[in-house]
Amino acid sequence: MLILGKPGGGKGTISGKILKDFPRFHHVSTGDLLRQHVNEGTQLGKEAKSFMESGKLVPDSLMINLLMDDAKPYIEEGRSLLLDGFPRTLQQAQALEEVAHIDTVVNLDIPTNTIVERIADRWIHPASGRIYSYSYKPPKAVGKDDVTGEPLVQRDDDKPESVRTRLAAYDKVTAPLVDWYRRKGLVQTFRGTESDVIYPQVKAYLEEKNF
Ligand code: AMP
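Quick summary incoming for the structure in this document. For clarity, every value in this text was computed on a predicted model and none was experimentally measured.

The rules behind the values
Residues numbered from 1 in each chain as written. Predicted model: local features only at pLDDT ≥ 70, side-chain atom pairs only at ≥ 80, totals over all residues. Heavy atoms only, no water. Salt bridge = Lys/Arg side-chain N within 4 Å of Asp/Glu carboxyl O. Helix = DSSP H or I, 4+ residues; strand = E, 2+ residues; numbered from the N terminus. Buried < 20%, exposed > 50% of the residue type's maximum accessible area, 1.4 Å probe, protein only.

The next thing to look at is the pattern of salt bridges. A full pass over the atoms with the stated rule returns 13 salt bridges. The salt bridge involving Asp196 is made with Lys17; its shortest N-O contact spans 3.2 Å. With a gap of 179 residues between them, Asp196 in helix H8 (residues 195-208) and Lys17 in helix H1 (residues 11-21) connect regions that are remote in the sequence. Assessed through its relative accessible area of 59%, Asp196 is described here as exposed. When its relative accessible area of 26% is taken as the criterion, Lys17 is described as partly exposed. Notably, a salt bridge pairs Arg122 with Asp158, separated by 3.0 Å at the nearest N-O pair. With a gap of 36 residues between them, Arg122 in strand S5 (residues 122-125) and Asp158 in the loop between strand S6 (130-133) and helix H7 (160-183) connect regions that are remote in the sequence. For Asp158, a relative accessible area of 2% gives the class buried. Counted as one network, the salt bridges with shared partners bring together Arg122, Asp158 and Arg166.

This is the structure in structure tokens:
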């Protein structure tokens, strides 16, 4: 199963809820895998870092290798995968098609204004990965992590200029993928602004499909 949608549109949140209710899935988030490489300072992390910080897509060859390294053992075991953030280009989609059967594509259609507001509101504690939002999960003290009291920062790619670049890359390169999968009859679109409202609809759809 794939989950597609604009960056910052709640793919990670919806994926987390799917995993709780449908534990058969192994979750692969290419954004999380890349951030792990960057934090660990691996060669791949070093190559990917500047693309990520400026909101650009990481080149396909790196991404396809990264995805295959993580997912292949699960694919070979016949496990179900939930791919979050991959594919983002036609070349990635074609590479995926060669190794995996795609059952369904959950497409999250979230208004751009909602995303821009939400991303500007998102602050993290880098050491733990704890995420705060001033509108729905504020820290106890402004600008400070609840547990350690250390300063909260914005992800480099959550800064306004990067957000605009990420959204433009989505419209140009990734949005056409939705049409590509739609022509194959695989897409189910969910519209809205709140994950808590959208998720029950996703859940009902997946139950209906007997996941
Ligand atoms: P995400 O957390 O999914 O928004 O990913 C964060 C950043 O990682 C993106 O803005 C891209 O720079 C990079 N990235 C993640 N997945 C991909 C992908 N499939 N193709 C290219 N770049 C990616």
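After that view of the structure, there is still more to cover.
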